[in-house]
Amino acid sequence: MEMIKELLIQLFEILIYPGLLFLFVAALLADWIDRKLYARMQNRQGPPWYQPLADFVKLISKETIIPKHAVGKHLFRVLPYLAISAVVVCIFFIPISGSLALMSFQGDLIAAAYLLSIPTMCFFLIGWTSSSPYSAVGAMRVLTQFFAYEVPMILVLIGPAIVAGSWRIEDIAYYYSANPSMMFVNILGFIVALITMQGKLERVPFDIPHAETEIVGGVFTEYSGKLYGFIKLAISIEMIVVAALFNAVFMGGSLGLEGFLGFLLFCFKVLIIILISAIIRSAMARVRIEQMINFCWRVLVPIAMLQLIISIIARAFHG
Amino acid sequence: MKSIREQVAAWARTKSPWIIHFNSGSCNGCDIETVAALTPRFDVERFGIVQHGSPRHADVLIVTGAVSKQQKDRLVRIYNQMANPKFVVALGACAAGGGVLQNCYGVLGGADKAIPVDLYVPGCPPRPEALIDGVVKLLSGIKGVENAK
């Protein structure tokens, strides 16, 4: 009896909260909020609340074309699901409504960072298997961009881990809940993280991999119907997961609140991150790929290094 | 009576038309009006209309201009690359029936000479409001279509 109960709880956690269903709803809502904010900043009405759902259902019900020239037809079909499962697994390491995550082990910060880079690799392979000139150019840009933003992103994620003295996301969130003033030590790193997030989610100003005016649909040019719907869903879910990770690592997670209040706080902080992202998106134009790499390596990496030094000094004084 | 699955799919289709714009030999007048319709002033995202670059993503193909004999193959190819169900809007007098160019030696005629057209928007050039009205009418029309192409 106990075993069945445990199994049911685990199934609930994986499929409903904080697993697939919660992420699905949250991703669609986040997508809508982002588009609505973007529209309001352009002084227009914007899409209705059900817009992402309508887009998703429409794409699911459309015909799915596998191009004749695609290199790996099975790979072509599997990659969107691989991307989506990687980001869904990532949420299990991140505390959402309380101070505890579903799974936790020493070093899960690194595991989460790697799981978040799997979708990027999937997008690269998506462009590669499509074997269309536009997707090939997009795939190269995905990879080039990946090497630019990933380094400062990982560097700034290390900062809070050093201050908290632990590589567990749970412990980091708990440490900042106990010492909220220490959050200001990482303010520089948080800014860098927010900028690299735009690169990770391939949003303006770093939407070079699918620049519509230059390379049609970028890596996703050949994708249609159901598979394209799942790619879009994977990107939306990734936005939620990245925001949740930043919330836990930089903003102290639930700040000691449990249950429903903790969940409200989580939603509030994720909304703030989406708002900042939408402001960046509407205020900027797309940069060229070499401008982006120059910016990441010459500006963001030194700031991230500075942040690391600040973190080590703070740890020496406080810890 | 349609099944619930079909009804949901039809609802989603009417709420989320992604368009692709193709110039089959236009004088650029209709193209400029199409681009104007996509600006924040007209806010087509209210109806879920989004422009997509790739024909694989789009639902509605907007054709501007009379189809020249050279562009015909390209137009058919773009049309064939789109995923079903797909719709075609012929925008402007030339795309609707050839317009002033209808008897030219290099011109095939309206867009319906090359591909099946679902909706004609007249005007030379049609205003952005006419385009938006056309797409919304097309979508409210496809609710009743039993077997969308």
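By convention here, each chain's residues receive numbers from 1 onward along its written sequence. Here the convention is simple: chains get letters from A, ligands get numbers from 1, in the order in which they are written. With pLDDT at 70 or above as the cut-off, local features in this predicted model cover only qualifying residues; side-chain atom pairs require 80 or more to be listed or tallied, and sums for whole chains, interfaces and linings still use all residues. The basis for every side-chain value is the complete set of heavy atoms in the structure, and neither hydrogens nor water enter the calculation.

Moving on to a nonpolar patch on the surface. Residue and element names in this part refer to chain A. A patch consists of residues exposed above 30% relative accessible area that lack any salt bridge, with like charges linked at up to 9 Å and nonpolar side chains (Val, Leu, Ile, Met, Phe, Trp, Tyr) linked at up to 5 Å. To be clear on the numbers: accessible area is Shrake-Rupley with a 1.4 Å probe, and residue cover counts the displayed protein chains and nothing else. A pair is scored as a salt bridge if a Lys or Arg side-chain nitrogen falls within 4 Å of a carboxyl oxygen belonging to Asp or Glu. On the surface, Met1, Ile4, Leu8, Leu11, Phe12, Ile14, Leu15, Ile16, Leu20, Leu21, Val25 and Leu29 cluster together into a nonpolar patch covering about 1200 Å² of accessible area. In DSSP terms, a helix is any run of H or I states spanning at least four residues, a strand is any run of E spanning at least two, and both are numbered starting from the N terminus. Mapped onto the nonpolar patch, the elements with two or more residues apiece are α1 (2-15) and α2 (20-41). It is α1 that contributes the most residues to the nonpolar patch, six residues altogether. Relative to the assigned elements, leucine 11 resides in helix α1. Think of it in three bands: residues with accessible area under 20% of the maximum for their type are buried, residues over 50% are exposed, and the middle band is partly exposed, with areas taken using a 1.4 Å probe on protein chains only. Judged by its relative accessible area of 43%, leucine 11 is partly exposed.

This part takes up the pattern of salt bridges. Under the definition given, this model contains 17 salt bridges over all chains. The residue aspartate 59 of chain B makes a salt bridge to lysine 58 of chain A at a minimum N-O spacing of 2.7 Å. Here lysine 58 of chain A lies in helix α3 (residues 51-61) and aspartate 59 of chain B lies in the loop between β2 (50-51) and β3 (60-64), a pairing that spans two chains. Look at aspartate 59 of chain B and you get buried, because its relative accessible area is 4%. One network of salt bridges, in which partners are shared, links Arg35, Arg44 and Asp55 of chain A together with Asp43, Glu45 and Arg46 of chain B.

So, on to the nonpolar core. Residues belong to one nonpolar core when they are buried, are Ala, Val, Leu, Ile, Met, Phe, Trp, Tyr or Cys, and are joined through side-chain atoms within 4.5 Å. Among the nonpolar cores identified, the biggest contains 93 residues, and Ile169, Ile237, Leu245, Phe246 and Phe250 of chain A are the most heavily contacted of them. The dominant element in this core, judged by the number of residues it contributes, is helix α10 (residues 225-250) of chain A, at 18 residues. Counting 18 residues, the second-largest nonpolar core is a separate cluster that includes Phe87, Leu91, Leu131 and Ile132 of chain B.

Further remarks concern helix α3 (residues 69-81) of chain B. All names here are of chain B. When α3 is considered as a whole, its buried residues turn out to be Leu75, Ile78 and Tyr79. On an axial view of α3, the arc spanned by its buried residues comes to 100°, and they lie on one face. Residues of α3 that are exposed and point more than 90 degrees away from the buried face comprise Gln70, Arg77 and Asn80. Residue contacts are defined here by distance: any two heavy atoms, one from each residue, within 4.5 Å place the two residues in contact. The inward-facing, buried residues of α3 abut β1 (18-23), β3, β4 (67-68) and β5 (87-91). Each direction from the helix axis to a C-beta atom contributes to the arc, which is the arc of those directions.

Attention now moves to the side chain of asparagine 247 of chain A. Residue and element names in this part refer to chain A. Along the chain, asparagine 247 falls in helix α10. Here a polar contact is recorded for every N or O atom pair within 3.5 Å, except that within protein the pair must consist of a potential hydrogen donor and a potential acceptor, and residues adjacent in sequence are included only if both atoms are side-chain atoms. Polar contacts involving the side chain of asparagine 247 include one to the side chain of lysine 269, which spans 3.1 Å. In contact with asparagine 247, other than residues within four places in its own chain, are Gly252, Gly253, Phe266, Lys269 and Ile273.

Before going further, it helps to examine the pairing of β1 of chain B. If a strand is regular, its side chains alternate between the two faces of the sheet. All names here are of chain B. Strands are treated as partners if at least two bridges between them are detected by DSSP. Across two bridges, the pairing between β1 and β2 is parallel. Across the sheet, tryptophan 18 pairs through a bridge with valine 50, a residue of β2. Whether a crossover is right-handed comes down to one check: with the strands pointing away from the viewer, does the path from the first strand over the helix to the second run clockwise; if it does, it is right-handed. Each parallel crossover has a hand, and for β1 linked through helix α2 (residues 29-37) to β2 it is right-handed. Here β1 runs beside β3; their pairing, made up of five bridges, is parallel.

Nothing here speaks to function; it is all geometry.
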